[in-house]
Amino acid sequence: MIQEERIKDLSQKPLKKGRYVLYWMQAAPRVTCNHAYQYAVRMADHLSLPLIACFNLIPGYLEAARPHYRFMTEGLLALSKTLNDQGVRFVIITGSPGAALLALGDDAALVVTDRGYLRFQKRWREQVAHELECPLVQVETDVIVPVTIASPKEEWSAATFRKKITSRLDRFLMPLEQKKPARSSLDMDAGSVKEETIETLVNKVSGDNPGKNRSGQPDPLPWSGGENSAQDILNRFIRENLDRYPTYRNDPETGVLSCMSPYLHFGQISPLFIAQKILETKSPSAGTYLEELIVRRELSINFVHYNPFYDEFSGLPDWAKKTLSDHSGDQREYTYRFSEFESAVTHDPYWNAAQREMVLTGKMHGYMRMYWGKKILEWSETPEEAYRTALALNNRYELDGRDPNGYAGIAWCFGKHDRAWQERPVFGKIRYMNAAGLNRKFDAGRYVARIEALGHS
DNA sequence: ATCGGCTCGCGCAA
DNA sequence: TGCGCGAAGCCGAT
């Protein structure tokens, strides 16, 4: 079922006479459990037209984050095969955002797309909606509950948001029927559009300079992209670790996490699909996992959607900005600059291990992310600088960087979605964390040893 | 080991 | 306007 609240006509233009329906697949490059894809299939069948799908690569991203680009490309390679099996031609285009897409859109009766919540994703869709001659219809599929339905405003905390979103699961946590289009588009031409072949893309990322990229991050990272990989990892998580999840999710040495965040970030798996699989197990641990997947994840989306300053210090709540500013001049026991944080050379072996885990694997353990962010706040000249450092490192090295969860996660370290605590130097009333806390939860020494071994292998 | 206090502002009842 | 509630941790008292 595709709830009408997921669907938004972005331009209110009349249908055009076209050769096909185009699904501009951007935030959700997957076939399984994709409301936007299913909407496009239905519209194509309804109009008796074939369906073509396209993905627009942004060149600027390429140089900045090679392992990320590779992960995405692996996903696209698999996706291309799956789409072809369904009789859908898949066109990959590059070049400045817009131009090639508009050319493809020239021959379309309508264009369907998925929804993103970050500034550039919104702007991009607005611009394309404006410039296309046919309608652009957006279908929201990377959330269980559409963002504006979950709440009409920026939420204060998980507590205020939880009631609202859970009350809407009845309607939105519903299976989506998977249909193939009736007509094939495999032998259609894409007009004047300059296409990238998958082979070219793979060569671009694997040909020159394998091993390490500019940032010192291994290439490839120990993850392979694509919806099949995502589903395999999910199945293994359910089989081996879901039951232990509530007890051990804060223990990086037990390794019980689902590791879905990179796949969710790139849209290679659907949160609805994950939630259904988890619920099917009837495991007593389902509730704890779904709290993270639904309440926390969609709270992050609520944050970036409603807060225009989601990536700056100024987006924090007033009490947090005030208390941090009050303590801006406090003496810091240690201070480091960006490059020192980046190369993991602080005095703290736990912090360094967390930073190295992120660089070496593309995914820092969730519990360490809190400690890591708190310490950047503690050891930077100013809270504003700390905020920039944490966000830049997160975006550069985490495979799930530049995700709503990343922005909300960093903001949380600085008080967002949290409460005030006993006032202390540097932090003010922001929640404090220290190394003793790590050792209360797990054997932090073993964690350090394991990460060091990773670096030498 | 376990427990209460720390502290804020939302959201609802009056 | 007032009050109950919740919140991914620390710290010190028991």
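Residues numbered from 1 in each chain as written. Chains lettered and ligands numbered in written order. Predicted model: local features only at pLDDT ≥ 70, side-chain atom pairs only at ≥ 80, totals over all residues. Heavy atoms only, no water.

Enquirer: Help me out: how do you make sense of the protein's contact with DNA strand B in this one?
Expert: Within the structure, DNA strand B sits among Lys153, Glu155, Trp156, Thr160, Trp319, Arg419, Ala420, Trp421, Gln422 and Lys429. Counting only atoms of DNA strand B within 4 Å of the protein, the fraction found in sugar and phosphate groups is 73%. For DNA strand B, a base oxygen lies 3.2 Å from a polar atom in the backbone of Ala420. Between a phosphate oxygen of DNA strand B and a side-chain N or O atom of Lys429, the distance comes to 2.2 Å. Taken together, the residues of the surface near DNA strand B sort by class into 4 nonpolar, 2 polar and 4 charged. (Near = heavy atom within 4 Å. Polar contact = N/O pair within 3.5 Å; in protein donor to acceptor, adjacent residues only side chain to side chain. Nonpolar A, V, L, I, M, F, W, Y, C, P; charged D, E, K, R; others polar.)

Enquirer: Is there a simple way to think about the protein's contact with DNA strand C in this case?
Expert: Taken together, 14 residues lie around DNA strand C, and Arg162, Met370, Arg419, Trp421 and Arg440 are the ones closest in. Considering the 4 Å shell around the protein, atoms of DNA strand C inside it are sugar or phosphate in 50% of instances. Arg296 has a polar side-chain atom sitting 2.7 Å from a phosphate oxygen of DNA strand C. In this structure, a phosphate oxygen belonging to DNA strand C sits 2.9 Å away from a side-chain N or O atom of Asn434.

Enquirer: Please clarify how the sheet that holds strand β2 (residues 20-24) should be interpreted in this entry.
Expert: Strand pairing within a sheet occurs via backbone hydrogen bonds; the two strands may be parallel or antiparallel. Spatially, the 7 strands line up as an open sheet ordered β1-β6-β5-β2-β3-β4-β7, and their pairing is mixed. Edge positions in the sheet fall to β1 (7-9) and β7 (195-196), since each has one partner strand and no second. Pairing of β2 with strand β5 (residues 108-114), which is carried by 5 bridges, proceeds in the parallel orientation. Looking at β5, one finds that Tyr20 is bridged to Ala108. (Pairing = 2+ DSSP bridges. Helix = DSSP H or I, 4+ residues; strand = E, 2+ residues; numbered from the N terminus.)

Enquirer: Looking at this structure, how should I read the pairing of β2?
Expert: Remark: a regular strand shows side chains that alternate across the two faces of the sheet. Counted residue by residue, β2 has 5 buried out of 5 residues, so it is predominantly covered. The alternating pattern of β2 places Tyr20, Leu22 and Trp24 on one face and Val21 and Tyr23 on the opposite face, and all of these are buried. The pairing of β2 with strand β3 (residues 51-56) spans 4 bridges and is parallel. Considered in β3, the bridge of Leu22 is made with Ile52. (Buried < 20%, exposed > 50% of the residue type's maximum accessible area, 1.4 Å probe, protein only.)

Enquirer: Help me understand the layout of surface pockets in this model?
Expert: The rolling of a water-molecule-sized probe over the atoms marks out the regions of remaining empty space. Within this model, the largest pocket holds a volume of roughly 1500 Å³. Contributing to the lining of the largest pocket are 44 residues, with Glu292, Arg296, Gly366, Tyr367 and Met370 lying nearest its centre. For the lining of the largest pocket, the secondary-structure elements that each account for two or more residues are α12 (261-265), α14 (286-306), α18 (366-378), α20 (404-413) and α21 (435-441). (1 Å grid on protein atoms, 1.4 Å probe; cavity = no way out; pocket = protein on both sides within 12 Å on 5 of 7 lines; lining within 4 Å. Points joined across faces, edges and corners; volume = space filled by probe spheres on them.)

Enquirer: Which parts of the structure should I look at to understand the packing of aromatic side chains?
Expert: Applying the stated criterion across every chain, the model contains 19 aromatic pairs. Aromatic pair Phe71 and Tyr263: ring centres 5.1 Å apart, planes at 55°, arrangement tilted. You can see Phe71 sitting in helix α3 (residues 66-85) and its partner Tyr263 sitting in helix α12, a full 192 residues away along the chain. Site record: aromatic cluster; members linked through ring pairs are Tyr334, Tyr336, Phe341, Trp351, Trp372 and Trp379. The ring centre of Phe172 lies 5.5 Å from the NZ or CZ of Arg171, which sits over that ring. Here the basic side chain of Lys374 rests over the ring of Trp412, its NZ or CZ set 4.8 Å away from the ring centre. (Phe/Tyr/Trp six-rings, centres within 6.5 Å; stacked < 30°, edge-to-face > 60°. Lys NZ or Arg CZ within 6 Å of the ring centre and 35° of its normal.)

Enquirer: I tried to follow the domain arrangement of chain A on my own but got confused; where do I start?
Expert: Many analyses report the size of an interface as the accessible area lost when the parts associate. By domain assignment, chain A separates into domain 1 (4-141 + 194-205) and domain 2 (313-456). If you look at the interface, domain 1 gives 6 residues, while domain 2 gives 8 residues. Buried area between domain 1 and domain 2, both sides added, is near 530 Å², and the carbon and sulfur share of it is 72%. Run the count over domain 1 and domain 2 and you get 1 residue pair in polar contact (both at pLDDT 80 or more). Across the side of domain 1 that touches domain 2, the residue classes tally to 5 nonpolar, 1 polar and no charged. (Domains from an automatic or database assignment. Contact = heavy atoms within 4.5 Å. Buried area = accessible area lost by both parts, 1.4 Å probe.)

Enquirer: Which parts of the structure should I look at to understand the packing of α18 against helix α19 (residues 383-397)?
Expert: How two helices sit against one another is set out by the angle between their axes and by the gap between those axes. Between α18 and α19, whose axes approach to 8 Å, the crossing angle comes to 145°. In this structure, α18 meets α19 at a crossing whose hand is right-handed. Facing Arg369, Trp372, Ile376 and Leu377 of α18, the residues of α19 in contact are Pro383, Ala386, Thr389, Ala390, Leu393 and Asn394. For the contact of α18 with α19, the per-class residue count stands at 7 nonpolar, 2 polar and 1 charged. (Axes fitted to C-alpha atoms, helices over the stretch in contact; angles between N-to-C directions. Left-handed = near helix turned anticlockwise from the far one by under 90°.)

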